[in-house]
Amino acid sequence: MDRRDFFKIAGGTILAGTSGVYAIRRLTGSIPGSTVADSPLTGKKWGMVIDLSKCVEDCTACLDACRYENNVAFHQDERWDVHWIRKIRLESKIGTTSTEKSVILLCNHCEKPPCAQVCPVQATYKREDGIVVVDHHRCIGCRYCMIACPYNARYFNFKDKEDWSNTDRPKRSHGVAEACNLCAHRIDLGELPACVEACSNVGEGAIMVGDMNDSGSEVAKIIMAEAVKRLKEDLGTEPKVYYLGL
Amino acid sequence: MRSKDILNNKPSAAVAAIPITIILLPVLYSIFTFAFAQEKKGTEQFLEMPDAVYTKCVRDTEYMRHNHWVLLRVVREDVVRYGKRGEISLKRCGECHTSREKFCKKCHDAVSMKPDCYGCHYYP
């Protein structure tokens, strides 16, 4: 046997042995872990409709509810503030007349999320039901997603939040990027997101969330029937937050 | 002449015993301390007994002692990435093991490991 043959046989044996052991352990179930195939989320596609004609200008019910529910780090200081959902004023000028509008902005939960594409550790990813989530356990704080997001929906935790408004939910320690997760914990239990609940309780019910694959849902009906707009549709990110009266 | 005699003689048992005891000393020390610790074990409670809300833990004690981190990691992956919100959660741990100072921290301090769960998750 020459040197070349020896390396061929030795390498082949080691490769076959290790992969064989891994395959056996995987098949017999001694390596625990789930796969996408047995996820209960398949077949759904959560979308949101925001009716701006119902949205009251000075109302901050959804913002407050979100900050309380998700322990969002809000320090009243624009350098460190994190916004999962925020309100801005848009001014459109046609000729001499100008109209102002207050618009709610949040993560658009794109069908092709640029933030998930650039994430080097797959911390940001799209769940089977279309919600774009950040796995803060994996996030290394590189902030690529903040650069990639065309909607500026992502914020970085520069500073820890000290108080703990909702002890049932985790907060984020400093050094991770975060964005709206459409209250995935509530949706999994069959409830509505905090902002939707607050809007229907306090305001006019301007925000709606529903399954877009289910043609009977309110959201799917509005998207089919009315003139809805999405933000920056030309980028091809296919956002799932639809605006009425934008 | 004299030194040559010593070299030619076989070493006595007493001379041979010295390096052997030096080598065996740490082994004997660990055996003695282990035996001593075994006697003491029954008298002192290292971990606080759980405030039993549930009569049984989610897995048996022996499994939890060695593999609780595997379980927590698998559950974390299931919940965050696949949306399987089952009955196991850090919140449920807290229902019986009410204090992290008296439960988690005891062993983790002893082996100087710092789990970073509590930067984000609430545990009293």
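Note that residues are indexed from 1 along each chain, following the sequence as it is written. Numbering of ligands from 1 and lettering of chains from A proceed in the order in which they are written. Totals for whole chains, interfaces and linings use every residue, but because this is a predicted model, local features are given only for residues with pLDDT of at least 70 and side-chain atom pairs only at 80 or more, for both listing and counting. Side-chain descriptors were evaluated using all non-hydrogen atoms of the structure, hydrogens and water having been removed beforehand.

Further remarks concern the overall build of chain A. For chain A, the count of helices and strands is seven helices and ten strands. Its C-alpha atoms give chain A a radius of gyration of 23 Å, more than 25% over the compact-globule value 18 Å for 246 residues. Dimensions of chain A, computed from C-alpha atoms along their principal axes, come out at roughly 90 × 45 × 40 Å. Each residue gets one of three labels from its accessible area relative to the maximum for its type: buried under 20%, exposed over 50%, partly exposed in between, using a 1.4 Å probe on protein chains only. Buried positions account for 44% of the 246 residues belonging to chain A. Every residue pair with non-hydrogen atoms within 4.5 Å of one another is taken to be in contact. By sequence separation, contacts in chain A at least 24 residues apart represent 58% of the contacts at least 6 residues apart. The Shrake-Rupley method, run with a 1.4 Å probe, gives the accessible areas here. Residue values count only the displayed protein chains as cover. Total accessible area computed for chain A in this model is approximately 13,400 Å², and 54% of it derives from carbon and sulfur atoms. A residue counts as positive if it is Lys or Arg and as negative if it is Asp or Glu; His and the chain ends are not included. Here the site of a charge means NZ on Lys, CZ on Arg, CG on Asp, or CD on Glu. In chain A, 32 positive and 33 negative side-chain charges are present, and the distance between their average locations comes to 6 Å. Numbering goes from the N terminus for both helices and strands, where a helix is a DSSP run of H or I of at least four residues and a strand is a run of E of at least two. We take the radius of gyration over the C-alpha atoms and set the globule estimate at 2.2 Å times the residue count to the 0.38 power.

For chain B, the helix and strand inventory stands at five helices and zero strands. When the elements of chain B are put in sequence order from the N terminus, they spell out α-α-α-α-α. Looking at the 124 residues of chain B, the share that counts as buried comes to 18%. In chain B, the proportion of contacts linking residues at least 24 apart, taken out of those at least 6 apart, comes to 68%.

Here the focus is the interface of chain B and chain A. On the chain A side, the residues contacting the 17 residues of chain B number 26 residues. Carbon and sulfur atoms make up 55% of the surface buried where chain B meets chain A, a total of about 1,900 Å² over both sides. Counted as salt bridges are all cases of a side-chain nitrogen of Lys or Arg within 4 Å of a carboxyl oxygen of Asp or Glu. Linking chain B with chain A are four salt bridges, by the criterion used here. Across the pair Arg138(A) and Glu77(B) runs a salt bridge, and its minimum N-O distance is 3.2 Å. Here a polar contact is recorded for every N or O atom pair within 3.5 Å, except that within protein the pair must consist of a potential hydrogen donor and a potential acceptor, and residues adjacent in sequence are included only if both atoms are side-chain atoms. The tally of links between chain B and chain A comes to seven residue pairs in polar contact (both at pLDDT 80 or more). No other element matches helix 3 (residues 61-82) of chain B, which puts eight residues into the side of chain B that touches chain A. Classification used: nonpolar for Ala, Val, Leu, Ile, Met, Phe, Trp, Tyr, Cys and Pro, charged for Asp, Glu, Lys and Arg, polar for all others including Gly. Looking at the side of chain B that touches chain A residue by residue, the class counts come to seven nonpolar, three polar and seven charged. Here's the idea: put two parts together, see how much 1.4 Å probe accessible area each one loses, and the total over both is what we call buried area.

Attention now moves to the domain arrangement of chain A. Here the limits of each domain have been adopted from an automatic or database domain assignment. Under the domain assignment, chain A is made up of domain 1 (1-33) and domain 2 (37-244). For domain 1 of chain A versus domain 2 of chain A, the separation of C-alpha centres amounts to 46 Å.

Okay, unusual backbone geometry next. Despite not being glycine, Lys232(A) has its phi angle at roughly 45 degrees, a positive value. Inspection of the secondary structure assignment puts Lys232(A) in the loop between strand 9 (228-229) and strand 10 (241-244).

The next point concerns helix 7 (residues 218-225) of chain A. All names here are of chain A. Along helix 7, the residues that are buried comprise Val219, Ala220, Ile222 and Ile223. End-on, the buried residues of helix 7 take up no more than an arc of 165 degrees, which puts them together on one face. Exposed and facing more than 90 degrees away from the buried side of helix 7 are Glu218, Met224 and Ala225. On its buried face, helix 7 sits against strand 1 (46-51), strand 8 (207-211), strand 9 and strand 10. Read the arc as the range of directions from the helix axis to the C-beta atoms.

Residues and elements named next belong to chain A. Of the two faces of strand 10, the one lined by Val241 and Tyr243 and the one lined by Tyr242 and Leu244 are each fully buried. Direction of pairing for strand 1 relative to strand 10: parallel, over a ladder of four bridges. Residue pairing for strand 10: Asp51 is matched across the bridge by Leu244. Sheet analysis places strand 9 next to strand 10, joined by two bridges and oriented antiparallel. Directly across from Val228, in strand 10, lies its bridge partner Leu244. In this analysis, strands are considered paired if DSSP registers two or more bridges between them.

Residue and element names in this part refer to chain A. Among the structural elements, Thr237 can be located in the loop between strand 9 and strand 10. For Thr237, the side chain forms a polar contact with the side chain of Tyr151, separated by 3.0 Å. Those residues in contact with Thr237 that sit more than four places away from it in its chain are Cys110, Glu111, Lys112, Pro114, Pro150, Tyr151 and Lys232.

Consider a sheet: its strands pair through backbone hydrogen bonds, and that pairing is either parallel or antiparallel. Residue and element names in this part refer to chain A. The four strands are arranged 8-1-10-9 in an open sheet whose pairing can be described as mixed. The open sheet has two edge strands, strand 8 and strand 9, and neither has a second partner. Lying on the sheet, helix 7 is in contact with strand 1, strand 8, strand 9 and strand 10; it crosses strand 8 at an angle near 100 degrees. An axis is simply a line fitted to the C-alpha atoms; with a helix, the fit covers only the stretch in contact. Between two such axes, the angle follows the N-to-C directions and lies from 0 to 180 degrees.

As a further point, take the side chain of Arg81(B). Checked against the element boundaries, Arg81(B) lands in helix 3. Within polar-contact distance, the side chain of Arg81(B) engages the side chain of Asp135(A) at 2.9 Å. What Arg81(B) contacts, discounting residues up to four positions off in sequence, is Gln122(A), Ala123(A), Tyr125(A), Arg127(A), Asp135(A), Arg138(A) and Arg76(B).

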